Amino acid sequence: MATSMRPNIECSDAEWQARQKLAACYRIFDLMGWSESVYNHISLRVPDEENAFLINPFGLLYSEVCASNLVKIDIDGNKLDGSPHAVNKAGFTQHGYFHRHLHWAHAICHVHTTATMAVCSLEEGLLPINFYACNFIGRVAYHDFEGVTVRAEEGERLLKNLGNKNILMLRNHGPVVMAPTLEGMFLQQWALQRACEIQMATLSMGRPPRFVPEEVIAVHQRDLKEATPPGGGPGMGDFAAWTRRIDKIDRSWRD
Ligand SMILES: [Zn+2]
């Protein structure tokens, strides 16, 4: 039995697969409670086309995103398909900058979840005080708040502050997570979210947290890959599992 009828949109098989995967990702983010009304983005490079990206239609909830209503745009946020939907062009500015300059960053998400925003608003940022946080210590960068990130001239500073990391904590704002694959990005966003939730809970208890020593963090990061589920790459098994979960709720994301 076919999993779904492919709507009448003209695109390659590779693009259609990317559309379905990204639509699933929006639904999973929504299920996790990571969506932010009609705002924020997860963007994905179209695999077989130069300078083409998929992004959410501006004005729709993440729960309304499906494969065919994702909008194809160029690096400047201009529409490349005949989509009737608008794009939050200003909001794509920072994603566009990272996609343009980081050729490995095929998938990028930016969220405003309470826990990640709260940690981004702490002077110390992410602290090495829990299991998940230890995944990230030394691997996240920070960028000071300059107001809403819509000005292209901020791009150079974003890139400079990111350095050789793949997660940029926008201070007083929220994280940007970048990865070569959507599944890898999802896994890191999930672990970062958990790290921030637990930090928020720990610091709320009114007692001093216990810091993990540097040498333990090093061992943890070295051995972490042993603890990932099978599936062929970072996050593959996780993403497949959560895709089964959203299928049980509503399969319309596939259309
Ligand atoms: Zn934001």
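Residues numbered from 1 in each chain as written. Predicted model: local features only at pLDDT ≥ 70, side-chain atom pairs only at ≥ 80, totals over all residues. Heavy atoms only, no water.

With that settled, the discussion passes to the packing of aromatic side chains. Each aromatic ring pair is specified by the distance between its two centres and by the angle formed by the two planes. Inspection of the entire model under this criterion finds eight aromatic pairs. Ring geometry for Y132 versus W190: centroids 5.4 Å apart, planes at 80 degrees, classification edge-to-face. A residue pair is termed long-range when its members are at least 10 positions apart, and Y132 in helix α4 (residues 131-136) and W190 in helix α6 (residues 182-203) qualify at 58 residues. On the basis of relative accessible area, W190 is assigned to the partly exposed category, the value being 26%. Here a set of aromatic residues connected by ring pairs shows up, and it is made of F29, W34, F186 and F239. (Phe/Tyr/Trp six-rings, centres within 6.5 Å; stacked < 30°, edge-to-face > 60°. Helix = DSSP H or I, 4+ residues; strand = E, 2+ residues; numbered from the N terminus. Buried < 20%, exposed > 50% of the residue type's maximum accessible area, 1.4 Å probe, protein only.)

A word on the UniProt feature "domain: Class II aldolase/adducin N-terminal" (unreviewed entry) in the chain. Sequence positions flagged by UniProt for "domain: Class II aldolase/adducin N-terminal" (unreviewed entry) are, in local numbering, residues 20-200. In the segment residues 20-200, helix accounts for 36% and strand for 16%; the C-alpha atoms at its two ends are 34 Å apart. (UniProt positions renumbered as here; feature names shortened; annotations may be inferred.)

Let us now look at the side chain of H95. Examined against the element boundaries, H95 turns out to sit in helix α2 (residues 89-101). The exposure class of H95 is buried, given its relative accessible area of 0%. Setting aside residues no more than four positions away along its own chain, H95 makes contact with H41, S43, I108, C109 and H110. (Contact = heavy atoms within 4.5 Å.)

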